[in-house]
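Here is what each chain is made of, one letter per residue.
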Amino acid sequence: MNPIYKTVGVAGAGAMGRGIAQIAAQAGSRVKLFDMQADAVSKAIAAVGAQWDKLVEKQRLSPEQATQYKQALQPAAQLTDLADCDLVIEAIVERLDIKKSFFAELESLVQPTTVLVTNTSSLSVTAIASALKHPEQFAGYHFFNPVPLMKVVEVIAGIKTKPAVCQDLAKYATQMGHKAVHAQDTPGFIVNHAGRGYGTEALRIVSEGIADFATIDRILKDQVGFKLGPFELMDLTALDVSHPVMESIYQQYYDEPRYRPSVITAQRLAGGIVGKKVGEGFYKYIEGVAQVPPEPAVPVVSDMPPVWVSTRAVRRAELLQLLKDLGAKIETGASPSAQALSIVAPLGFDVTTVAIVERLDPARTIGIDFLIDDKVTKRRVLATNPATRADMRDAAHALFARDGKPVSVIRDSGGFVTQRVVATIVNIACDICQQGVCTPQDLETAVTLGLGYPMGPLMMGDKFGPTEILEVLFNVQTVYGDPRYRPSPWLRRRGAIGLSLSHVES
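1. Re the overall build of the protein chain
Next, step 1: On a plain count of helices and strands, the protein chain comes out with 20 helices and 16 strands.
Next, step 2: For the protein chain, whose C-alpha radius of gyration is 26 Å, the value lies close to the compact-globule estimate of 23 Å for 506 residues.
Next, step 3: For the protein chain, the C-alpha atoms occupy an extent of roughly 85 × 50 × 40 Å along the three principal directions.
Next, step 4: In the protein chain, the proportion of contacts linking residues at least 24 apart, taken out of those at least 6 apart, comes to 70%.
Next, step 5: Approximately 21,500 Å² of the protein chain is accessible, and the part contributed by carbon and sulfur atoms is 53%.
Next, step 6: The averaged location of the 53 negative side-chain charges in the protein chain is 2 Å from the averaged location of its 52 positive side-chain charges.

Here it is in structure tokens:
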């Protein structure tokens, strides 16, 4: 292999630095690993060597390759040892003052043609480069942990970065076995910016008393296909990592409501309940295993009432067919009888609002989230309103669980759980495109590889319907009066005329 950068320096021997050093050596570069603590370098090199030995044992690497890589990875005793590097990648503490000071010293040692890059996840690339004599040679190069497994890297141009620098960095990412995506120098770049919707909206739902952590995790995994629920994910990443990122992006965007953090995570961080690594977060952990509360049992109902379905229900024909398949006694009149269980299926509105507008008895009205085709979803979600009778709630639960599909019953919410979270994710992604942070294609790639979503957010919007997502946002904003739900112009225009959300104007 003929790497673009023959000699690469990596500053910082922590988890990120050692991961970057590993894949740079595998790309054929000679790699010099530096850290202010010399023992950190020796430990990192030993750890990387052990990883290569494991790959040899698994027959994913030949012994000759492992030997070659080990010879390529060398310790740098002091910063001056990086003077002959073609590229230096910084992966030190996430503080602007420290990074600026580090690069100012480093620039005085290397050649003017040396490319200097930062692995920052949240700081401005332009701000870090502001004190450099050659900011045109500086860029962001944001990897994700664990680096060898997370196959995406964000290439970020500062205001003065030469385009050729980013082009070469993208090519080198390919040589390292990664996919490069290009991002403008904006808070959170692509991945951390796009990821604001999932956790923050789930926290909003919890704060309103709509459902507990486990129920929200179950709903989003079973209805949308996320590998981890938002609270499982925050426990894995730990709040001492994720909450400061929430605050940083919110503050850097001058308190943009879409990115508003939650007091729930602030309190838990202050109390040290940060996640799996300390044995307690949103779940308790015993020997690393989350202690998830069992699902509520399906109620036993002997006298099932007749069922009436709102004429305004989304996917009404499919809902009526489902009820027929479940053996419900369906009323077909213009309004429900005095004994009937009334089913509504709104987009964005809460059950209370729909019951009042449609002049239904709130005590006998239940909502169902029917945004997603019932044949696709692995879970049904029902919502009560403050006046719903317990017998009607239990009857609806029992009825919709007749075929064995899990049912979650939540309290009233504009947009249930899935509608709110999906719409928020899609809306933020659309606004990233509107701002020109990246191309729609790079957005989809970055999110699927960097966040592990079941699909890119624009594809998610197209799958569930741009017009439907737009309606959810309009209606949720009406219910809550919160500007966080205002639709992005990118979504508003494409949703209004039925275009794909990834469509780029010619």
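2. Topic: the sheet that holds strand 11 (residues 307–309)
Hydrogen bonds between backbone atoms are what pair the strands of a sheet, whose relative direction is either parallel or antiparallel.
Next, step 1: Taken together, 6 strands build an open sheet; the order of strands is 12-11-13-14-15-16 and the sheet is mixed. In this open sheet, the two edge strands, each paired with only one partner strand, are strand 12 (330–331) and strand 16 (407–410).
Next, step 2: Here strand 14 (residues 365–368) pairs with strand 15 (residues 380–383) via 2 bridges, running antiparallel. Note on strand 15: the bridge partner recorded for I368 is L382.
Next, step 3: Relative to strand 16, helix 9 (residues 213–224) is tilted by about 135°, and along the sheet it contacts strand 15 and strand 16.
Next, step 4: Strands strand 11, strand 12, strand 13 (341–344), strand 14 and strand 15 of the sheet are contacted by helix 13 (residues 316–325), whose axis makes an angle of about 165° with strand 11.

3. Quick notes on the packing of aromatic side chains
Next, step 1: Scanning all chains against the criterion turns up 13 aromatic pairs.
Next, step 2: On the numbers, 4.8 Å between centres and 55° between planes, the contact of F213 with F231 is tilted. With F213 in helix 9 and F231 in helix 10 (residues 230–237), this residue pair connects regions lying 18 residues apart in the sequence.
Next, step 3: Taking the relative accessible area as the measure of exposure, F213 reaches 18% and is therefore buried.
Next, step 4: On the basis of relative accessibility, which here comes to 0%, the residue F231 falls in the buried class.
Next, step 5: Ring geometry for F226 versus Y453: centroids 5.1 Å apart, planes at 85°, classification edge-to-face. You can see F226 sitting in the loop between helix 9 and helix 10 and its partner Y453 sitting in the loop between helix 17 (440–450) and helix 18 (457–464), a full 227 residues away along the chain.
Next, step 6: Given a relative accessible area of 4%, F226 falls into the buried group.
Next, step 7: Each member of the aromatic cluster is reached from another via a ring pair, and the members are F102, F103 and F138.

4. A short note on the pairing of strand 1 (residues 7–11)
Next, step 1: Burial analysis of strand 1 places 5 of its 5 residues in the buried class, the great majority of the element.
Next, step 2: A two-sided burial pattern is seen for strand 1, the buried positions comprising T7, G9 and A11 on one face and V8 and V10 on the other.
Next, step 3: Where strand 1 and strand 2 (residues 30–34) come together, 5 bridges link them in parallel fashion. Bridge pairing in strand 2 links A11 to F34.
Next, step 4: In the classification by handedness, the crossover that spans strand 1, the intervening helix 1 (residues 15–26) and the parallel strand 2 is right-handed.

5. Focus: the sheet that holds strand 1
Next, step 1: Spatially, 8 strands are ordered 3-2-1-4-5-6-7-8 in an open sheet, and the strand pairing comes out mixed. At either end of the open sheet lies a strand with only one pairing partner, and these are strand 3 (73–76) and strand 8 (179–184). On average, each strand axis in the sheet is inclined to that of its neighbour by 25°, with strand direction left out of account.
Next, step 2: Bridge analysis of strand 5 (residues 115–118) against strand 6 (residues 138–142) gives 3 bridges, and the strand direction is parallel. Opposite L116, over in strand 6, you have F138 as the bridge partner.

6. Topic: helix 8 (residues 196–207)
Next, step 1: For helix 8, spanning 12 residues, the distance from its first C-alpha to its last is 17 Å, which sits close to the expected 16 Å at 1.5 Å a residue.
Next, step 2: Among the 12 residues in helix 8, 11 count as buried, and that is most of the element.
Next, step 3: Within helix 8 the residues assigned to the buried category are R196, G197, Y198, G199, T200, E201, A202, L203, R204, I205 and V206.
Next, step 4: Directly beyond the C-terminal end of helix 8, a positive phi value near 75° is found at G209.

7. Quick look at the pairing of strand 7 (residues 152–157)
Next, step 1: Of all 6 residues making up strand 7, 5 are buried, and the element is well covered by its neighbours.
Next, step 2: Where strand 6 and strand 7 come together, 4 bridges link them in antiparallel fashion. Paired with G140 across the two strands is I156, which belongs to strand 7.
Next, step 3: Both strand 7 and strand 8 contribute to a ladder of 6 bridges, which runs parallel. From the neighbouring strand, V153 faces strand 8, where its bridge partner is A180.
Next, step 4: What joins strand 7 to strand 8 is helix 6 (residues 163–175), and the crossover it makes is right-handed.

8. So, the environment of V88
Next, step 1: The residue V88 is located in strand 4 (residues 87–90) in this model.
Next, step 2: Relative accessible area serves as the criterion here: at 0%, V88 is assigned to the buried category.
Next, step 3: For V88 and F138, which are 50 residues apart along the polypeptide, the C-alpha to C-alpha distance reads 9.9 Å.
Next, step 4: Those residues within four positions of V88 in sequence are excluded, and the remaining contacts are G9, L82, L106, T114, V115, L116 and V117.

9. Some words on the environment of G209
Next, step 1: Among the secondary structure elements, G209 is positioned in the loop between helix 8 and helix 9.
Next, step 2: The class for G209 is partly exposed, based on a relative accessible area of 30%.
Next, step 3: Along the chain, G209 and Y198 lie 11 residues apart, while their C-alpha atoms are 17 Å from each other.

10. What to know about a positive patch on the surface
Next, step 1: Positive charge collects at one region of the surface, where K54, K58, R60 and K151 lie side by side.
Next, step 2: Looking at the element boundaries, K151 is found in the loop between strand 6 and strand 7.

11. As for the environment of V224
Next, step 1: When you line up the elements, V224 lands in helix 9.
Next, step 2: Once the C-alpha coordinates of V224 and W52 are considered, the two residues, 172 residues apart in sequence, prove to be 37 Å apart.
Next, step 3: For V224, the residues in contact, after removing those within four places along its chain, are I219, I372, T418, V422, P454, M460 and F464.

Calculation criteria
The numbering scheme is per chain: residues are counted from 1 as the chain's sequence reads. Under the rules for a predicted model, residues below a pLDDT of 70 receive no local features and side-chain atom pairs below 80 are neither given nor counted, while totals for whole chains, interfaces and linings still include all residues. No hydrogens and no water enter the side-chain calculation; it runs on all heavy atoms of the structure. Think of it this way: any DSSP run of H or I at least four residues long counts as a helix, any run of E at least two long counts as a strand, and we number them from the N terminus. Based on C-alpha atoms, the radius of gyration is set beside the globule rule, defined as 2.2 Å times the residue count to the power 0.38. By definition, residues are in contact when any of their heavy atoms lie within 4.5 Å. Only the protein chains shown count as cover for residues, and all accessible areas are computed by the Shrake-Rupley method using a 1.4 Å probe. As used throughout, the charge tally considers Lys and Arg to be positive and Asp and Glu to be negative, leaving His and the chain termini uncounted. The location of each charge is read from NZ of Lys, CZ of Arg, CG of Asp or CD of Glu. For two strands to count as paired, DSSP must find a minimum of two bridges between them. Axis definition: a line fitted to C-alpha atoms, over the contacting stretch in the case of helices. Angles run 0 to 180 degrees between N-to-C directions. Pairing of aromatic side chains requires ring centres within 6.5 Å, counting the rings of Phe and Tyr and the six-membered ring of Trp. Pairs whose planes differ by under 30 degrees are stacked, by over 60 edge-to-face, and all others tilted. Buried residues are those whose accessible area, probed at 1.4 Å on protein chains only, stays under 20% of the maximum for their type, while exposed residues exceed 50% and partly exposed ones sit between those limits. Viewed with both strands pointing away, a crossover whose connecting path from the first strand over the helix to the second turns clockwise is right-handed. Helix span, as expected, comes to 1.5 Å for every residue beyond the first. Only residues whose relative accessible area exceeds 30% and that form no salt bridge are eligible for patches; like-charged ones are grouped when within 9 Å, while nonpolar side chains (Val, Leu, Ile, Met, Phe, Trp, Tyr) are grouped when within 5 Å. Counted as salt bridges are all cases of a side-chain nitrogen of Lys or Arg within 4 Å of a carboxyl oxygen of Asp or Glu.

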